[in-house]
Amino acid sequence: MASIKIVLWKHDKKKDGTFPLAVRITQNRKTRYIFTGQYILEKDWNKDLGKVKKSHANSARLNNYLLKKLTEVDSIALEAEGSREFISSKQIKNKAKHKGRTVSFFQFGSQRVINKFQSGSFSTCKGELSMLFNIREFLKWNRFEEREQVIKGIKDRRRNRVGQSRKFGYNFLEHVKGEFGKEALLYFEDITEAFLSNFKVFCISYLDHKTRTVTNHLIYIRTLFNAAIKEGIVEAKHYPFAGEKERIRIKPTQKIGLTREEIKLIENVELEKDTAMWHTRNVWLFSYYFAGIRISDVLQMKWSDLMDGRLYYTMNKNEKPLSLKIPDQVKGILDFYRPLRQSNNDFIFPYLKKANSNSKRDVFVKTRNGTAVLNKYLRQIAEKCGITKNLSNHIARHSFGNIAGDAISPLMLQKLYRHSDLKTTILYQANFIHKDADDALDAVLNS
């Protein structure tokens, strides 16, 4: 339990001989001070009772004020103790300093999650909610607890949340409001360089995050900070990413695609018609033949998207429209599903047949479940074909890039990939163009 007391701070004497009064918070042998803004002479202070003596002209009023401050801080510590939440002296100080403020970091972040959900950005809001939970786990981290116990607690709480979300009558919005709607454990001013540095260590050591995942969390915190500054919730001087402070560096990742020969293996492998593995191959090849359209977009395609021998579709990620000629290879796939078409507004592939087209949430959930099933069977297809690379949904896009190499102009690839910026296309395609480096290596070794 934290020790909280009013003290006379003797290290900052004013010219008139008075000293400041402060609330002293001691927790786990670490001490913090909250200055009350009140100053008195040493002769007017009762050290043993922690009260202003009657010799002071306004002793009654001042003691009432100090008691109120003491009660506020004490209630924060008692609340944490009652909920078995570990809280440091610094956190008690910060919560007391910000008491009465209207918007905390979690309140601001949870409202953004709610807005994303209501606008139909279900994948984004789920990811952001997960990051909010991870940041809260960091704040609750008891550094005196064994690492294994900390990790177990994190996993247990995560498992409990997943279980709650699967129960009948679960309401996502009510869940978010209940978890973070009144959460005031963290304010934007508390997020400093030291905070971010310790958070990165926590993510790697206790959440087992890779570098890119940690970077995504920092980008998320930065995004919330920028939005909060714009709305006047926090001053720009508290921005921890400015200048030479915390700098977010996105490290390039290795992108590996299949070769033309490996694509042939997938096309020609014998699979029983109408099985889950057979449908998986059709969806994956459909994506590849259209320059790596995202699998989620493929699953949501309808017969109405096909007109006059062309595919007309809008990419969900950036809402970019595109029209492409239907390749002969795709026509063969479509012939399998055409007899099952019930209407022009029907989904092409079977994974969303039972989805409610009028419910964005239902379409999202069934698309997510469908992509998980596809990844499962793609691993089995890879095994049947003798492919040792990680055959996944997204590798269809990488495979197109690998086979395209430098045979297609960057501008045309930009159109096929639906990239907003040509630089993105050039950086993306650089993963698959190795000829110059290979030639240079040969020139040295075989000259």
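Just above, that's the structure.
In this text, all values refer to a predicted model and were calculated from it rather than measured experimentally.

So, about the packing of aromatic side chains. Tallying each qualifying case throughout the model produces 27 aromatic pairs. Centroid distance Phe106 to Phe180: 5.4 Å. Interplanar angle 25 degrees. Geometry classified as stacked. One end of the pair, Phe106, is in helix α3 (residues 105-118); the other, Phe180, is in helix α6 (residues 172-180), with 74 residues separating them in the sequence. Residue classification places Phe106 among the buried positions, given a relative accessible area of 0%. A relative accessible area of 0% means that Phe180 is categorised as buried. Aromatic rings pair up to connect Phe105, Phe106, Phe108, Phe133, Phe180, Phe188, Phe225, Tyr239 and Phe241 into one cluster. Positioned over the ring face of Tyr206 is Arg147, at 5.8 Å from the centre of the ring. The ring of Phe133 is capped by Arg161, whose NZ or CZ atom sits 3.8 Å from the centre of that ring.

Scanning the model with the defined rule gives 14 salt bridges in all. Between Arg136 and Glu179 there is a salt bridge, and its shortest N-O distance comes to 2.6 Å. Taken together, the residues Arg136 in helix α4 (residues 122-139) and Glu179 in helix α6 connect sequence positions 43 residues apart. The partner of Lys389 in a salt bridge is Glu262, with the nearest N and O atoms 3.0 Å apart. Here the residue Lys389 occupies a position in the loop between α13 (360-385) and α14 (395-404), and Glu262 occupies one in helix α9 (residues 260-268), the gap between them amounting to 127 residues.

To continue, consider the packing of helix α10 (residues 276-289) against helix α12 (residues 328-337). Packing of α10 against α12 leaves a shortest axis separation of 10 Å and a crossing angle of 145 degrees. Note on packing geometry: the crossing formed by α10 with α12 is left-handed. For the pair formed by α10 and α12, the contact residues are Trp278, His279, Asn282, Leu285, Phe286 and Tyr289 on the first element and Gln329, Val330, Ile333, Leu334, Phe336 and Tyr337 on the second. Here the residues of the contact of α10 with α12 sort into nine nonpolar, three polar and no charged.

Attention now moves to unusual backbone geometry. In this model, Asp208 sits at a positive phi of 60 degrees, which is unusual for a non-glycine residue. By the secondary structure assignment, Asp208 is in the loop between α7 (193-206) and α8 (211-230). For Asp208, a relative accessible area of 61% puts it in the exposed group. Positive phi outside glycine occurs at Asp308, with the angle close to 55 degrees. Summarising the element assignment, Asp308 is placed in the loop between β6 (306-307) and β7 (310-314). A residue is classified by how much of its surface remains accessible, and Asp308, at 78% relative accessible area, is exposed.

This next bit is on the nonpolar core. Among the nonpolar cores identified, the biggest contains 50 residues, and Trp284 and Leu391 are the most heavily contacted of them. Breaking this core down by element, the ones donating at least two residues are α9, α10, α11 (295-299), β7, β8 (321-325), α12, α13 and α14. Of the residues forming this core, the biggest block, eight residues, is contributed by α10. Every residue in contact with Leu391, bar those within four places of it in the chain, is listed here: Leu258, Ile266, Trp284, Leu378, Arg379, Ile381 and Ala382.

On to the environment of Phe225. Positionally, Phe225 belongs in helix α8. Look at Phe225 and you get buried, because its relative accessible area is 0%. Taking the C-alpha atoms as reference, Phe225 lies 9.8 Å from Gly109; in sequence the two are 116 residues apart. Among all residues touching Phe225, those that are not within four sequence positions of it are Phe188, Ile191, Val234, His238, Tyr239 and Pro240.

The next thing to look at is the sheet that holds strand β3 (residues 30-40). If you walk across this open sheet you meet the three strands as β1-β2-β3, and the pairing is antiparallel. Only two strands of the sheet have a single neighbouring strand rather than two, namely β1 (3-8) and β3. Adjacent strand axes in the sheet meet at a mean angle of 20 degrees when their direction is disregarded. Judged from the six bridges that link them, β1 and strand β2 (residues 19-27) form a sheet pairing that is antiparallel. Along β2, the bridge assignment pairs Ile4 with Ile25.

A few words now on the packing of α4 against α13. Describing two packed helices takes the angle between their axes plus the distance from one axis to the other. Remark: α4 packs on α13, axes separated minimally by 10 Å, with the N-to-C direction vectors making an angle of 70 degrees. When the interaxial angle is binned, α4 and α13 end up roughly perpendicular. Residue-level contacts link Phe122, Ser123 and Lys126 of α4 to Lys360, Arg361, Phe364 and Arg368 of α13. Here the contact of α4 with α13 is composed, by residue class, of two nonpolar, one polar and four charged.

Thresholds applied
- Residues numbered from 1 in each chain as written.
- Predicted model: local features only at pLDDT ≥ 70, side-chain atom pairs only at ≥ 80, totals over all residues.
- Heavy atoms only, no water.
- Phe/Tyr/Trp six-rings, centres within 6.5 Å; stacked < 30°, edge-to-face > 60°.
- Helix = DSSP H or I, 4+ residues; strand = E, 2+ residues; numbered from the N terminus.
- Buried < 20%, exposed > 50% of the residue type's maximum accessible area, 1.4 Å probe, protein only.
- Lys NZ or Arg CZ within 6 Å of the ring centre and 35° of its normal.
- Salt bridge = Lys/Arg side-chain N within 4 Å of Asp/Glu carboxyl O.
- Axes fitted to C-alpha atoms, helices over the stretch in contact; angles between N-to-C directions.
- Left-handed = near helix turned anticlockwise from the far one by under 90°.
- Contact = heavy atoms within 4.5 Å.
- Nonpolar A, V, L, I, M, F, W, Y, C, P; charged D, E, K, R; others polar.
- Core = buried A, V, L, I, M, F, W, Y, C linked by side-chain atoms within 4.5 Å.
- Pairing = 2+ DSSP bridges.
- Parallel < 35°, antiparallel > 145°, perpendicular 65-115°, else oblique.

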